[in-house]
Amino acid sequence: MSPRAGITAARLVEAAADLADEVGLEQVTVSALARRFGVADASLYSHVRSAADLRQRVSAQAAAEFSEVLAEAIAGVSGEEALTRCALAFRRYVLEHPGRYAATTVRLPPEVAAASEGHRRIARLSYRLLEGYGIPPEASTDAVRFCRSALHGFVTLEAAGGFGSEGDREASWLATLRGVGRALASWPRDDAPLA
């Protein structure tokens, strides 16, 4: 049986996602994937156009997976409970799947982003997370960006070993969640003074 037998676009994307988790998204190339399957690079081009195409497909698949994790976490809850459950699921996913998560954050061509249901669902879930905090619609985008930045910043630094060994990371994580919750609960109106 030929080593190419059984290779499909879906299998390539899954293998590329696994590779991203193992060695980092930037290391995911057609050549690296061909080595994993034991075939020549050229044999994969009937399934993917380029490394960029491959990474975009990984991004769409990872976004679908990530959105499912987040949706399950916040199903039936709102406010502080939703924030806590979402944050815990967010952190677990990033630490278990760093390459997949990185793929969800790359800037995609508009047509690719528009076709990615996972990315659209993450956005919807992000706004739903604010339910129970009384944030007015005109301020919701700012609040979503704040919340995402806080979670992303903490967890990606943690995943990269950016906190070193000093202090209790769990205590810092819980303090971060409390801070985000308090900030959302007292989110300023657009006309509130800065100081």
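Residues numbered from 1 in each chain as written. Predicted model: local features only at pLDDT ≥ 70, side-chain atom pairs only at ≥ 80, totals over all residues. Heavy atoms only, no water.

### Section: the pattern of salt bridges
Under the definition given, this model contains 14 salt bridges. For Glu117, the salt bridge identified is with Arg120, shortest N-O distance 2.7 Å. One end of the pair is Glu117 and the other is Arg120, both in helix H7 (residues 117-128) and three residues apart, which spans about a single turn. We classify Arg120 as partly exposed; its relative accessible area is 35%. (Salt bridge = Lys/Arg side-chain N within 4 Å of Asp/Glu carboxyl O. Helix = DSSP H or I, 4+ residues; strand = E, 2+ residues; numbered from the N terminus. Buried < 20%, exposed > 50% of the residue type's maximum accessible area, 1.4 Å probe, protein only.)

### What to know about the packing of aromatic side chains
Enumeration according to the criterion identifies seven aromatic pairs in this entry. Relative to Phe90, the ring of Phe66 has its centre 5.5 Å away and its plane inclined at 65°; by these criteria the two rings are edge-to-face. Remark: Phe90 occurs in helix H4 (residues 79-96) and Phe66 occurs in helix H3 (residues 51-74); sequence separation between them is 24 residues. Assigned by exposure class, Phe66 and Phe90 land together as buried. In this structure an aromatic cluster arises from ring pairing among Phe66, Phe90, Tyr93 and Tyr101. (Phe/Tyr/Trp six-rings, centres within 6.5 Å; stacked < 30°, edge-to-face > 60°.)

### What to know about the side chain of Ser59
Along the chain, the position of Ser59 falls in helix H3. Ignoring any residue separated from it by four or fewer positions in sequence, one finds Ser59 in contact with Ala103, Thr104, Val106, Leu108 and His119. (Contact = heavy atoms within 4.5 Å.)

### Some remarks on the side chain of Ser116
Tracing the backbone through its elements, the reader meets Ser116 in the loop between helix H6 (110-115) and H7. In terms of polar contacts, Ser116 uses its side chain to reach the side chain of His119, at 2.6 Å. The contacts of Ser116, once residues within four sequence positions are left out, are Ala60 and Ala63. (Polar contact = N/O pair within 3.5 Å; in protein donor to acceptor, adjacent residues only side chain to side chain.)

### Comments concerning the packing of H3 against H7
Across the interface, H3 lies against H7 with an axial gap of 7 Å and an inter-helix angle of 30°. Taken together, H3 and H7 sit at an angle that is classed as roughly parallel. Between H3 and H7 the crossing geometry is left-handed. On the side of H3, the interface is formed by Ser59, Ala60, Ala63, Ala64, Phe66, Ser67, Glu68, Leu70, Ala71 and Ile74, while H7 contributes Gly118, His119, Arg121, Ile122, Leu125 and Arg128. Looking at the contact of H3 with H7 residue by residue, the class counts come to nine nonpolar, four polar and three charged. (Axes fitted to C-alpha atoms, helices over the stretch in contact; angles between N-to-C directions. Parallel < 35°, antiparallel > 145°, perpendicular 65-115°, else oblique. Left-handed = near helix turned anticlockwise from the far one by under 90°. Nonpolar A, V, L, I, M, F, W, Y, C, P; charged D, E, K, R; others polar.)

### Observations regarding the packing of helix H8 (residues 140-159) against helix H9 (residues 169-185)
Orientation of H8 relative to H9, taken along the N-to-C sense of each, is 175°, at an axis distance of 10 Å. On the basis of the axis angle, H8 is roughly antiparallel to H9. Within the contact between the two elements, H8 uses Ala143, Phe146, Cys147, Ala150, Leu151, Phe154, Val155 and Glu158 and H9 uses Arg169, Ser172, Trp173, Thr176, Leu177, Val180, Ala183 and Leu184.

### Concerning the nonpolar core
By size, the foremost hydrophobic cluster in this structure holds 36 residues, and its most contacted members are Ile74, Phe90, Ile135 and Leu184. At the level of secondary structure, the elements contributing two or more residues to this core comprise H3, H4, H7, H8 and H9. In terms of residues, this core owes the most to one element, H4, which gives eight residues. In contact with Leu184, not counting residues within four places along its chain, are Leu83, Leu130, Tyr133, Ile135, Ala143, Phe146 and Cys147. Counting 21 residues, the second largest nonpolar core, distinct from the first, contains Ala17, Leu33, Leu44 and Ala103. (Core = buried A, V, L, I, M, F, W, Y, C linked by side-chain atoms within 4.5 Å.)

### Some thoughts on H8
Look at H8: 28 Å from first C-alpha to last across 20 residues, which is about the 28 Å you get at 1.5 Å a residue. Buried positions along H8 lie against H4, H7 and H9. Immediately downstream of H8, the backbone of Gly161 shows phi near 75°, a positive value. (Expected span 1.5 Å × (residues − 1).)

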